[in-house]
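Observations on the three-dimensional arrangement
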Amino acid sequence: MEIELGSVVAEPEALALAGPGATLLTGADAAFAIGTDTIVVVTPAAGDAGELTLPGPFPDVVEQRLAAVLRPPVRAFARLPDGCLALGVARSAELGYRRGALHDIRLTFEAPVPPGLLGRVAPGLDWLAQVGSDPAGAMERFIAGWYQDVPMSGAYPVVTGPPALQAFYRAAAGRPEVLGSSSRILPEPVAGRPDSLITFGQEGDGVFTLVMEPDEQDPRIWYDGLSDTLLEERERLSGHLLQSTLARAAMDGPLGGMAFVDRPQARRVVAPLRRVPLRPMRWPSLVTRCYAGPGTVVLLGEDDADWFEMFVGVRHPGLLRRLRKLGLDWESFTDS
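The shown structure was predicted, so the numbers you read here are calculated from the model rather than taken from an experiment.

One way to see where empty space is left: roll a probe the size of a water molecule over the atoms. The tally for this structure, following the rule as stated, stands at two cavities of 30 Å³ or more. In this structure, the largest cavity spans a volume of roughly 50 Å³. Forming the boundary of the largest cavity are Ser-183, Phe-208, Leu-210, Tyr-223, His-240, Ser-244, Ala-247, Arg-248, Met-281 and Trp-283. It is helix α7 (residues 237-252) that contributes the most residues to the lining of the largest cavity, four residues altogether.

Here is the structure:
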């Protein structure tokens, strides 16, 4: 039986592609069908257009088959609310080990998965490759993917000012969710300070405001209220707008949680993710880094030498299942 790329089928139909007598290993996180010549995997999230990374743990039989000299092809499906989306066939499987245990499996597809298919599953990481050269462009692409199902309710006024701020308002496009609540970008920048700096954002409870240099292409920015004097952020406006957008995705979304974690727990949480290559933010912790995976953003702040303040935001409830199994003491956790 053949299933075309992009088809949505019931999970039993997808798993049946492994052939008669296949070993079925099903669960909430992922499902495997281990056949004589084929492995079928159903996962809750898709990856980049050419790859799919599966986080562990894995059944022993999966590791045995994929570690063999002759590796079977892997047919991959993404689990959606209405069925399983056919992503294609992977011929290459790279096994990642940590401390002797299989930690993740990276599958490379025979043909790239069309972006339109990935958009139905979870926002990918195409924006991440753009961070170093064009952080504002990366921000626009992230917003377009993360908030793709948030309806536009109008348009924010076109403002003059730095290109990165104009790009943010274009991407926000009348969606107040993009402006945020834990920390908020103002609908319009505000002038009139005695020091001539421009106010463009604020903390949700008014603890600080965000200010920037006037008349600069990519201005320096400061927090006004986090210390006795203005506290300069490590990144300029373009990098900060991307980071703060990621922070709001982790802190303000309807799905996710917050916890205090120790160093080993923090490593386990971010192991399948990629760190966003920008210097750490100074809020909500003095050293705060962003990590991202398909449909997932994690904000990790160093609270002291041994503990971290962690916020997690996801696009789909299935992406939280792995975190539930880590035994974290969540301060808050919402999965529906």
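This part is about the sheet that holds strand β17 (residues 296-302). Note on sheets: strands pair through backbone hydrogen bonds, and any given pair is parallel or antiparallel. Spatial strand order, β15-β16-β17-β18-β14-β19: six strands in an open sheet with antiparallel pairing. Bordering the open sheet on either side are β15 (274-275) and β19 (330-334), each of which pairs with just one other strand. As paired strands, β17 and strand β18 (residues 307-314) are joined by seven bridges and run antiparallel to one another. Bridge pairing in β18 places Leu-300 opposite Met-310. Its contacts with the sheet place helix α8 (residues 263-270) against β14 (256-262), β16 (288-293), β17 and β18, and it is angled at close to 140 degrees to β14.

A word on the packing of aromatic side chains. Scanning the entire structure with this criterion turns up seven aromatic pairs. Relative to Phe-142, the ring of Trp-127 has its centre 5.3 Å away and its plane inclined at 75 degrees; by these criteria the two rings are edge-to-face. Here Trp-127 is found in the loop between α3 (115-121) and α4 (135-146), whereas its partner Phe-142 is found in helix α4, with 15 residues between them in sequence. Overall, the relative accessible area of 2% leaves Trp-127 in the buried class. By relative accessible area, which is 3% here, Phe-142 ends up buried. Judged by centre distance (5.9 Å) and plane angle (70 degrees), the ring pair of Phe-168 and Tyr-169 falls under edge-to-face. For Phe-168, a relative accessible area of 0% corresponds to the buried category. Cluster of aromatic residues (ring-pair linked, three or more members): Trp-127, Phe-142 and Trp-146.

Helix packing for two helices is described by the angle between their axes and how far apart those axes are. Contact geometry for α4 and helix α5 (residues 163-172): axes closest at 9 Å, N-to-C directions at 10 degrees. One element, α4, and the other, α5, form an angle in the roughly parallel class. For the pair α4 and α5, contact is made by Ala-136, Met-139, Glu-140 and Ile-143 and by Ala-164, Ala-167, Phe-168, Arg-170 and Ala-171, respectively. In the contact of α4 with α5, the residues fall into seven nonpolar, no polar and two charged.

To continue, consider α4. Helix length check: α4, at 12 residues, gives a terminal C-alpha distance of 16 Å against a target of 16 Å (1.5 Å per residue), a fit within 8%. Burial of α4 is extensive: nine of the 12 residues sit out of reach of the surface. Those residues of α4 that sit buried are Pro-135, Ala-136, Gly-137, Ala-138, Met-139, Phe-142, Ile-143, Gly-145 and Trp-146. Close packing links the buried residues of α4 with α5, α6 (176-179), α7, β17 and β18.

Moving on, we get to the sheet that holds strand β9 (residues 183-190). Taken together, the five strands give an open sheet; going across it, the order is β9-β10-β11-β12-β13, and neighbouring strands pair in antiparallel fashion. The open sheet has two free edges, formed respectively by β9 and β13 (231-232), since each of these has just one partner strand. Of the pairings in the sheet, the one linking strand β10 (residues 198-203) to strand β11 (residues 209-212) comprises four bridges and is antiparallel in character. Bridged to Gly-201 within β11 is Leu-210. Contacts from α5 reach β9 and β11 within the one sheet, and its direction differs from that of β9 by about 110 degrees.

Counting 47 residues, the largest nonpolar core has Trp-127, Phe-168, Leu-241 and Val-276 as the members making the most contacts within it. Core analysis: the second largest hydrophobic core is formed by 22 residues, Val-41, Phe-58, Leu-80 and Ala-90 among them.

Take Ala-167: it is sitting in helix α5. When its relative accessible area of 3% is taken as the criterion, Ala-167 is described as buried. The residues contacting Ala-167, other than those within four sequence positions of it, are Ala-136, Met-139 and Glu-140.

Cut-offs applied
Residues numbered from 1 in each chain as written. Predicted model: local features only at pLDDT ≥ 70, side-chain atom pairs only at ≥ 80, totals over all residues. Heavy atoms only, no water. 1 Å grid on protein atoms, 1.4 Å probe; cavity = no way out; pocket = protein on both sides within 12 Å on 5 of 7 lines; lining within 4 Å. Points joined across faces, edges and corners; volume = space filled by probe spheres on them. Helix = DSSP H or I, 4+ residues; strand = E, 2+ residues; numbered from the N terminus. Pairing = 2+ DSSP bridges. Contact = heavy atoms within 4.5 Å. Axes fitted to C-alpha atoms, helices over the stretch in contact; angles between N-to-C directions. Phe/Tyr/Trp six-rings, centres within 6.5 Å; stacked < 30°, edge-to-face > 60°. Buried < 20%, exposed > 50% of the residue type's maximum accessible area, 1.4 Å probe, protein only. Parallel < 35°, antiparallel > 145°, perpendicular 65-115°, else oblique. Nonpolar A, V, L, I, M, F, W, Y, C, P; charged D, E, K, R; others polar. Expected span 1.5 Å × (residues − 1). Core = buried A, V, L, I, M, F, W, Y, C linked by side-chain atoms within 4.5 Å.

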